[in-house]
Amino acid sequence: MKEKDCDLGVDEVTDLLARTQVFTPSDLATFMANLLRVQSEDIPPIDLLEPSAGAGALAEAVLEVAARSPTVTLVERDHTLAAHLTEFCDAHGAELGESSSVLVQDFFEIAPEWIKSGRRFSHIVMNPPYARIAPGSNTAQLLGKHGVHAHNLFAAFIWLATDLLDDGGRLVAIVPRSFLSGLHYAATRRHLFEKAGLYALHHFTDRRAVFARDGIQQEVIIFGAIRAPAPAQIQFSQSASLIDAYEPTPLPTARLVLPESERHVVLVPDLGNPVSSAGPTAPLLPEGIVVSVGSVVDFRMKGDLVARSEGDIPLIGAEAFYTRDVSLRGLRANSRTAPHVYPPGRYVVVRRISPAEARPRIQAKLIQAFGSGFERGVAFENHLLVFHAHRTGIDESTCTVLLKRLSHARTEQQFMERGGTTQVNVGDIRSLRYAN
């Protein structure tokens, strides 16, 4: 899903979301409804909330699988969709609780009122909208007023839904996989795990399968959380699509959910390709080695970027991975470019752009930036991560160790478990471990 800045007024955001509404396919809705665990007659009364209800596919699926009649509250800002939801409630009136209702309101406005008044729900299910919240926008100010710290609409929905869960209540949501590890969502994960624990997690490995009818490519997950102490195990499942989904595997929660010191990152293992090795115990980076993002940004330094000639600083970019000549471009040597220049020496670089389908995800290369042409040093563009010894080159033996660790199967496995984005970030590398 492509992000859109929400730097508009509340009414304008309503129009934006209406235009970018992505409805939940019926088979996906049924899958999510089953994760709510409403099939048993032994459960307490079902008081269901579907925020941003759209066409009501999720509520309808819950109605089909629930063992007892649910009371549903459907929140939708779009008047046309809300009218459809009202028709749904009228048509199924005999199967729904008497207090069922459709609210044509902004969830971000009504949710804080519910939280303040003590209104809670036993079950919440949602396919929340996905759009970036621009700092200083009306939406950001509205959420900030209520203590919600989120960079994306879906994260704000999760934040508020967590607070609306009754004790023992269950939340099921479909969100981008990046929610599990992205730095932008660390505050939302902390808020979620302070009050709830995961009991179910499903990972779709095919980015095109879930919302194919809308032409959307997005790696997504479905999680189930319960407002209670974290269960000892999480029912983990994985498939390319719903067609080939299979029975979940119980995995220890400690295996998947990292502690607060590691920002509550949730790992996604590859059940079809396990790597057996000793548990990683030490930081992957050798002592004294630092990793940084290359500091040369093309559009910010256009005036100093040149086709390399004698006297220029060689500029190493992503082309180092597909051409033998690693220094086709250069920087003019002057006071503006001086802060970006490393002294001659050996460096290791990793490509920052790493699509989910790429193998290996971590691609590393040795750059021998010394000798003829490198007398003035070397610079690196921001499409690369640069490994260095505190702004100097790395000795040959340490380069060998570092390259071996970066290419190890266990390192690749760790990154795949954490990698919810199409980039390799400094934080990802710093979090990796290796076994002595």
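Residues numbered from 1 in each chain as written. Predicted model: local features only at pLDDT ≥ 70, side-chain atom pairs only at ≥ 80, totals over all residues. Heavy atoms only, no water.

**Points about the sheet that holds strand E12 (residues 305–307)**
- Taken together, the four strands give an open sheet; going across it, the order is E12-E14-E13-E17, and neighbouring strands pair in mixed fashion. Each edge of the open sheet is held by one strand with a lone partner, namely E12 and strand E17 (379–380).
- The pairing of E12 with strand E14 (residues 329–331) spans three bridges and is classified as antiparallel. Residue pairing in the sheet places Ala 307 in a bridge with Arg 329 of E14. (Pairing = 2+ DSSP bridges. Helix = DSSP H or I, 4+ residues; strand = E, 2+ residues; numbered from the N terminus.)

**With respect to the environment of Gln 414**
- Along the chain, the position of Gln 414 falls in helix H11 (residues 409–418).
- Sequence spacing of Gln 414 and Val 268 is 146 residues, and the spatial spacing of their C-alpha atoms is 9.2 Å.

**As for unusual backbone geometry**
- In this structure, Arg 37 takes a positive phi of about 60° despite not being glycine.
- Locating Arg 37 in the fold gives a position in the loop between helix H2 (26–35) and strand E1 (47–50).
- Positive phi outside glycine occurs at Arg 263, with the angle close to 60°.
- Inspection of the secondary structure puts Arg 263 in the loop between helix H9 (253–256) and strand E10 (282–283).

**Describing the pattern of salt bridges**
- Per the counting criterion, the structure on display carries eleven salt bridges.
- In this structure, Arg 177 engages Glu 219 in a salt bridge whose closest nitrogen and oxygen atoms are separated by 3.0 Å. Of the two residues, Arg 177 sits in the loop between strand E5 (165–176) and helix H8 (186–195) while Glu 219 sits in the loop between strand E6 (197–204) and strand E7 (220–226), which places them 42 residues apart along the sequence. Pair check on accessibility: Arg 177 and Glu 219 agree, each one buried. (Salt bridge = Lys/Arg side-chain N within 4 Å of Asp/Glu carboxyl O. Buried < 20%, exposed > 50% of the residue type's maximum accessible area, 1.4 Å probe, protein only.)

**Some details on the packing of aromatic side chains**
- What the rule picks out here adds up to eleven aromatic pairs.
- Where Trp 114 meets Phe 121, the ring centres are 5.3 Å apart and the plane angle is 65°; that geometry is what we call edge-to-face.
- Among the aromatic residues, those joined into a cluster by ring pairs are Tyr 130, Phe 154, Phe 179, Tyr 185 and Phe 223.
- In this structure, Arg 170 packs its charged tip against the face of Tyr 199, placed 4.5 Å from the ring centre. (Phe/Tyr/Trp six-rings, centres within 6.5 Å; stacked < 30°, edge-to-face > 60°. Lys NZ or Arg CZ within 6 Å of the ring centre and 35° of its normal.)

**A short note on the sheet that holds E5**
- Taken together, nine strands build an open sheet; the order of strands is E3-E2-E1-E4-E5-E7-E6-E8-E9 and the sheet is mixed. In this open sheet, the two edge strands, each paired with only one partner strand, are strand E3 (101–103) and strand E9 (249–252). Between one strand axis and the next, the sheet turns through 20° on average, direction left out of account.
- Looking at chain direction, E6 and E7 are connected through six bridges and run antiparallel. Residue pairing in the sheet places Leu 198 in a bridge with Ala 225 of E7.
- Helix H3 (residues 57–65) contacts E1, strand E2 (71–75) and strand E4 (121–126) of the sheet and is inclined by roughly 155° relative to E1. (Axes fitted to C-alpha atoms, helices over the stretch in contact; angles between N-to-C directions. Contact = heavy atoms within 4.5 Å.)

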